Structure formats: structure tokens, C-alpha cells
Amino acid sequence: MGRTVIPYSRQMQYIESSLGQYRRGLRKPDQEIFDELIRTAKLQVQAGVMASSPYPIDIMLLTMMIDLKKEILRLKKESEAIRKQE
């Protein structure tokens, strides 16, 4: 018989629950940011399934970094547009 592979979405839930104590230790504003990062990772669950990494936390963190990089690029474009208007 083949091995049973735990679905990526269930692995993500396990990681989120295992970080529960860490989350509770954060200040309230940081808890909200933590929750937003977890939501970001969940939005890209299809990419995580395709990666089939033995360490799902790596894929979750990479997804979070991609989203943060997109936000940085968006803010840079906005600041450049504002500078050009001046």
C-alpha cells in the first residue's frame, strides 16, 4: 500500500494551531498582523499543493514574503508617482 499524504490545507491548519501559543504571546496589533499573514498563505493554497514540499511552513513563509514584496513594490510606485507630481 502507498503512503497516505496529509493534504496541504490540513498541514497548514496544523502549523497555524501549533503557533497558537506564539500568537497569544504577541501584542494585539502584532496578533492582527500575524493573522493577516496566515490569511495570505491560505489564499495561495493551490500553489502550496503544487510545490509538494516536505516542509509546508517553507511554502507558507515564501507565500507571505511574495505578498509583502508585492506590497513594497506597490508602495514604491505610489511614492514615485507622488514625487513626480511635486
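Quick note: structure is the one above.
Within any chain, residue numbers begin from 1 and follow the written order of that chain's sequence. Only residues with pLDDT of 70 or above have their local features reported here, since the model is predicted, and side-chain atom pairs are shown and tallied only from 80 upward, although totals for entire chains, interfaces and linings are computed over all residues. Note: side-chain values were computed over all heavy atoms of the structure, leaving out hydrogens and water.

*Asks:* Tell me what's going on with the overall build of the chain, and back it up with residues and numbers.
*Replies:* Put simply, DSSP H or I for four residues or longer makes a helix, DSSP E for two residues or longer makes a strand, and each gets a number counted from the N terminus. Scanning the chain from terminus to terminus reveals five helices and zero strands. Shown N-terminal to C-terminal, the secondary structure of the chain runs as helices and strands in the order α-α-α-α-α. The C-alpha atoms of the chain give 17 Å as radius of gyration, which overshoots the globular expectation for 86 residues (12 Å, by more than 25%). The burial tally for the chain puts 19% of its 86 residues in the buried class. Shrake-Rupley sampling with a 1.4 Å probe provides the accessible areas, and residues are treated as covered by the protein chains on show and by no other component. Here the chain has roughly 7,300 Å² of accessible surface; of this, 58% comes from carbon and sulfur atoms. Under the convention used here, Asp and Glu are negative, Lys and Arg are positive, and both His and the chain ends fall outside the count. Throughout, a charge is located at the NZ atom of Lys, the CZ atom of Arg, the CG atom of Asp or the CD atom of Glu. Here the chain carries 15 positive and 11 negative side-chain charges, and the mean point of each set is 5 Å from the other. C-alpha atoms define the radius of gyration in this analysis, and the globule rule sets the expected value at 2.2 Å times the number of residues to the power 0.38. Here the term buried applies to any residue with accessible area under 20% of the maximum for its type, exposed to any over 50%, and partly exposed to those in between, with areas from a 1.4 Å probe on protein chains only.

*Asks:* Provide a residue-level description of the packing of helix α3 (residues 28-43) against helix α5 (residues 56-85), including the pertinent values.
*Replies:* The contact between α3 and α5 brings their axes to 8 Å, and the two run at 105°. The angle between α3 and α5 places the two elements in the roughly perpendicular class. Contacts between α3 and α5 involve Leu37, Ile38, Thr40 and Ala41 from the first element and Met60, Thr63, Met64, Asp67 and Leu68 from the second. Considering only residue class, the contact of α3 with α5 consists of six nonpolar, two polar and one charged. Note on geometry: axes are C-alpha line fits, over the in-contact stretch for helices, and angles between N-to-C directions span 0 to 180 degrees. Put simply, angles under 35 degrees are roughly parallel, angles over 145 are roughly antiparallel, angles from 65 to 115 are roughly perpendicular, and the rest are oblique. Here, two residues are considered to be in contact whenever any of their heavy atoms come within 4.5 Å of each other. Each residue gets one of three labels, nonpolar for Ala, Val, Leu, Ile, Met, Phe, Trp, Tyr, Cys and Pro, charged for Asp, Glu, Lys and Arg, and polar for the others, Gly among them.

*Asks:* With reference to specific residues and values, describe the side chain of Gln31.
*Replies:* The topology assignment puts Gln31 in helix α3. With a relative accessible area of 12%, Gln31 lands in the buried category. Apart from residues lying up to four places away in sequence, Gln31 is in contact with Arg23, Arg24 and Leu26.

*Asks:* Describe α5, with residues and values.
*Replies:* Between the first and last residue of a helix there are one fewer steps than residues, each counted as 1.5 Å, and that sum is the expected span. If you check α5, its first and last C-alpha atoms are 44 Å apart, about what 30 residues at 1.5 Å a residue would give, namely 44 Å. Considered for burial, the residues of α5 that qualify are Pro56, Ile59, Met60, Thr63 and Met64. At its buried positions, α5 is contacted by α1 (8-18), α3 and α4 (45-51).

*Asks:* Can you tell me about the pattern of salt bridges, naming the residues and giving the values?
*Replies:* Two side chains with opposite charge may pair up if their charged atoms get near one another. Criterion for a salt bridge: a side-chain nitrogen of Lys or Arg within 4 Å of a carboxyl oxygen of Asp or Glu. Enumeration over the complete set of coordinates arrives at six salt bridges. Within this structure, Glu71, Arg74 and Glu78 form a network of salt bridges that share partners.

*Asks:* Residue-level account of a nonpolar patch on the surface, with values.
*Replies:* Here the term patch refers to residues with relative accessible area over 30% and no salt bridge, with like charges joined within 9 Å and nonpolar side chains (Val, Leu, Ile, Met, Phe, Trp, Tyr) within 5 Å. A cluster of nonpolar residues, Leu62, Met65 and Ile66, forms a patch on the protein surface that exposes about 300 Å² of accessible area. For Ile66, the position within the fold is in helix α5.

Shape is all these values report; function is a separate question.
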